[in-house]
Amino acid sequence: MTKILAIDDSRTMRAMLETALTEAGMDVDLAEDGVEGLEVLPDAAPDLVITDINMPRLDGFGLIEGVRKKPEYASLPILVLTTENGDALKQRARDAGATGWIVKPFDADKLVAVINRLVV
Amino acid sequence: MSDLRDMFFEECDDLMEVLSTGLDDLQNGNGDAETINAMFRSVHSIKGGGGAFGLDRLINFAHAFENVLEDLRSEKIEADPALIALMFSSFDHLNDLVDAARDDNDIAEDAGASILADLKQVSPPENGGADEVEVDSADFMPLTLDIGGDNDFGPLPDFDLPPSLDLEADPAPPMADPLPTGDGINAFSIEFSADPGLYSRGHDPALLFRALADLGDVTVSADTGNVLALAEAGDALSALSWTLQLIPNDGVEEDDIREVFEFVESQCVLEISTTVVEKAADTDLPELALPTLADEAPAPDEADTAVDATAQTAPQPAAKPAIKVVEAKPATGKKSEPRNSTIRVDLDRVDRLINLVGELVISEAMLRQSMNELPVSANSSVSEAIGQLKTLSGVLQESVMAIRAQPVRGLFQRMSRIVRESSRTAGKDARMLMIGDSTEVDKTVTERLVEPLTHMIRNSVDHGLETAEDRIKAGKPAQGTIKLEAAHRSGRVVISLSDDGAGINRVKVRKIAESKGLVRPEDDLTDSDIDNLLFRPGFSTADSISELSGRGVGLDVVRSEIQALGGRINLQSEPGKGTSMTISLPLTLAVMEGMLVTIEGESLVVPTVALRETLQPGQANVHEFCEGDRGLSMGGEILPIVDLGEALGFRRQLSNLDNQALLLIEGESGRRSALAVDNIIEQREVVIKGLEQNYQSIPGIAAATILGNGKIALIVDTDQMIPAAGKSQLSLLKGQEHAEVA
């Protein structure tokens, strides 16, 4: 079962992700900001991480950098879920080590298709 | 979906609260970078959630608001008073939009238009206004041959070519698997080489190729020409480049191919061209199986010849391969719990728990009482255990009550808006000061305080505060202050609302009261008596009905609403200095403070809220009137005496009150009467049990409770025990059968 760690400070968004991904047969772990995301990462052992950008304590960029810093996650796919669609923002996410991005509001099918493309 | 929608709006409430707190902090000069960050995130999350539910108007407004906060965050603009005022209006409008969306209401087309324009003027939208929020779920950047700014190695050509140009630097190698001749069919030729950045972002070319295989028949060949040179340079990862040929399935367009490379476009060199190939009888790669991917990737320097991509995949930068074979791992049993610090629980469940704990406390009291009747020593282990049980059940009750408790912050913030709105309407300048907004009160109480407080605030702004000119004349700051304060005091919550206005004009109040027949000109009234006339039904001080508070309801409605919550309201005023109203409320609606009394052996509870005094009647101050009515003379006033036993139908009227105790009570209207009872037992907290659900409504009885000995005690509805002026007490429960108590 594909395991996803979804990180978003909005509980609505977390619930939506959980619903969409669970329905697609994935196993979802949730965290509500970057700090918690890094904390639960070893236990969650996800195949892919989805993260929001704007979050308290540690934002999405910080989270991605934190994940990439650890050699065992150097190639873990990380999708950024963002309402922003600016090139500068995407470049920042890429620089931090993001694998790709999904623009909110996301389409569940599209999200699942993208995830399936990124994990075996 | 509707659950999610509800959840979104609930979350909106929290987010609006964060926003409101932030605004207050900014206004009071307590704001810092994190304040603005938190505000930004709130608006951002509202926008994000709004997008999920297609709330376009909300999204657009939130977006403009967010832009301003973004500029504030990046210190492009400063939070001067004008901007803070704009943000307050924006907050109010955003609130309206959220409310309208929640209730599916339409909101006037032009509502908030000027605020939106102001926001856009402060922080013009990027792209000169073309930046409506995108609602596409997928994201396609124009594809350019961008090898990326992080290209820190030499051998790859440093260029940025439009896709139509050939990549001279890396000419396509011959197909590894020449196709047999046959009919020509259209195919795509895809050239691809990766930056190191591609791997370090969790991508794997093999997965891209697998995705391509979904679009048609793919043939892959790898060119390892650069491997050796790059390996010497210590960066062999990008040494491979690939040429792919895709014979597309029906309907597959170039865009579909580009979509596969969507995320890697800036970390690779990609060239897609169309070509005509001879129809293949069968390709080697009907499907791109990836059997070797789970194995350790070969070291780069082994890849010294052109290889088929199925046999040779890109080496991984980390020891752990990025791609895992799908493992049939046993389910780990449980999903790891979301580490939330809060959970959402249905109110019904909480109430049920509260009820059960109430029962438990009663059972415990019963147990203790029966213990007292047994020959058990106070030092015995049983007594000790029971003592412990008592402590525990007390703590349990307190903890359960705390579940329903909520800080009054949300309520106060709503009121802050009322201050803004009503002062705007009244043409007065007012600010609101909140003190003790973290004080916790039962959720139902906070909800039911909205209306009375709203009314009180409108009243304060309308009648309490002076105009700016008058204030300056009186030597006060032009801006009036409305102070809302909450605190816990001796087991109750005290909420006070004070203004620094002109205070109550007692001469005027008295004149109005006289003209309305509420008092007589010869009545001797203290200042406090006059102030409290404001709470009398039918009183309105406004000469003309103003837009604000003159809505046909006076402070008497406020008072009865507060009393319905088991609360009291008091008013104090000092001419020239201002007025303050103090509401005192029980911490919860489930427990009430009452005086336990007995009549004919039956236990009854009189709510202490209404209780003013207890006394023993003397012959001298009891007066007999016609029809058996009796009165108690107190301070020159005659109060009706109500024989509670008779009023409730427990007995015939007593001929003699000598052995009775009198409870002086005051009702909502401010009228008082004296209740005659056999004995006063004690003052205690009782758990309120509704009678309507369990039995039926009984005139004169508000509810019931269960006493420690397991007996039921009825709670007296004191308001029904105060005869209207000029009415005999027999008409108290007129037209209604007297209660029969078994």
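Now for a look at the structure at hand. These numbers were taken from a predicted model, which means no experiment stands behind them.

1. Describing unusual backbone geometry
Thought 1: Positive phi, close to 40 degrees, is recorded for A45 of chain A, a residue that is not glycine.
Thought 2: You can call A45 of chain A partly exposed: its relative accessible area is 30%.

2. Some details on the packing of helix 3 (residues 56-73) of chain B against helix 4 (residues 81-103) of chain B
Residue and element names in this part refer to chain B.
Thought 1: Interaxial distance between helix 3 and helix 4 falls to 10 Å at its minimum, and their mutual angle equals 155 degrees. By the criterion of interaxial angle, the relationship of helix 3 to helix 4 is roughly antiparallel. Crossing hand, helix 3 versus helix 4: left-handed. Here R57, L58, F61, A62, F65, V68, L69 and L72 of helix 3 lie close against helix 4, whose contacting residues are L83, M87, S90, F91, H93, L94, L97 and V98.
Thought 2: Here the residues of the contact of helix 3 with helix 4 sort into 13 nonpolar, two polar and one charged.

3. Some words on the interface of chain B and chain A
Thought 1: With 54 residues of chain B in contact, the opposing surface of chain A contributes 56 residues.
Thought 2: Summed over both partners, the interface of chain B with chain A comes to about 4,800 Å²; 50% of that surface belongs to carbon and sulfur atoms.
Thought 3: Linking chain B with chain A are two salt bridges.
Thought 4: A salt bridge links R11 of chain A to D14 of chain B, with the nearest nitrogen and oxygen atoms 3.0 Å apart.
Thought 5: At the surface where chain B touches chain A, the tally comes to ten residue pairs in polar contact (both at pLDDT 80 or more).
Thought 6: Contributions of two or more residues to the side of chain B that touches chain A are made by helix 1 (2-27), helix 2 (33-52), helix 3, helix 7 (205-213) and helix 9 (254-260) of chain B.
Thought 7: Examining the composition of the side of chain B that touches chain A, we find that nine residues originate from one element, helix 2 of chain B, more than from any other.
Thought 8: In the side of chain B that touches chain A, the residues fall into 19 nonpolar, 14 polar and 21 charged.

4. Looking at the nonpolar core
Thought 1: Formed by 83 residues in total, the largest nonpolar core has its most connected members in I50, L79 and I115 of chain A together with M87 and L94 of chain B.
Thought 2: Setting aside its immediate chain neighbours within four residues, L94 of chain B contacts M16, L19, V43, I46, L58, F61, A62 and F65 of chain B.
Thought 3: Core analysis: the next-biggest nonpolar cluster, separate from the first, contains 42 residues, L449, L484, I530 and L585 of chain B among them.

What counts, and at which threshold
Residues numbered from 1 in each chain as written. Chains lettered and ligands numbered in written order. Predicted model: local features only at pLDDT ≥ 70, side-chain atom pairs only at ≥ 80, totals over all residues. Heavy atoms only, no water. Buried < 20%, exposed > 50% of the residue type's maximum accessible area, 1.4 Å probe, protein only. Axes fitted to C-alpha atoms, helices over the stretch in contact; angles between N-to-C directions. Helix = DSSP H or I, 4+ residues; strand = E, 2+ residues; numbered from the N terminus. Parallel < 35°, antiparallel > 145°, perpendicular 65-115°, else oblique. Left-handed = near helix turned anticlockwise from the far one by under 90°. Contact = heavy atoms within 4.5 Å. Nonpolar A, V, L, I, M, F, W, Y, C, P; charged D, E, K, R; others polar. Buried area = accessible area lost by both parts, 1.4 Å probe. Salt bridge = Lys/Arg side-chain N within 4 Å of Asp/Glu carboxyl O. Polar contact = N/O pair within 3.5 Å; in protein donor to acceptor, adjacent residues only side chain to side chain. Core = buried A, V, L, I, M, F, W, Y, C linked by side-chain atoms within 4.5 Å.

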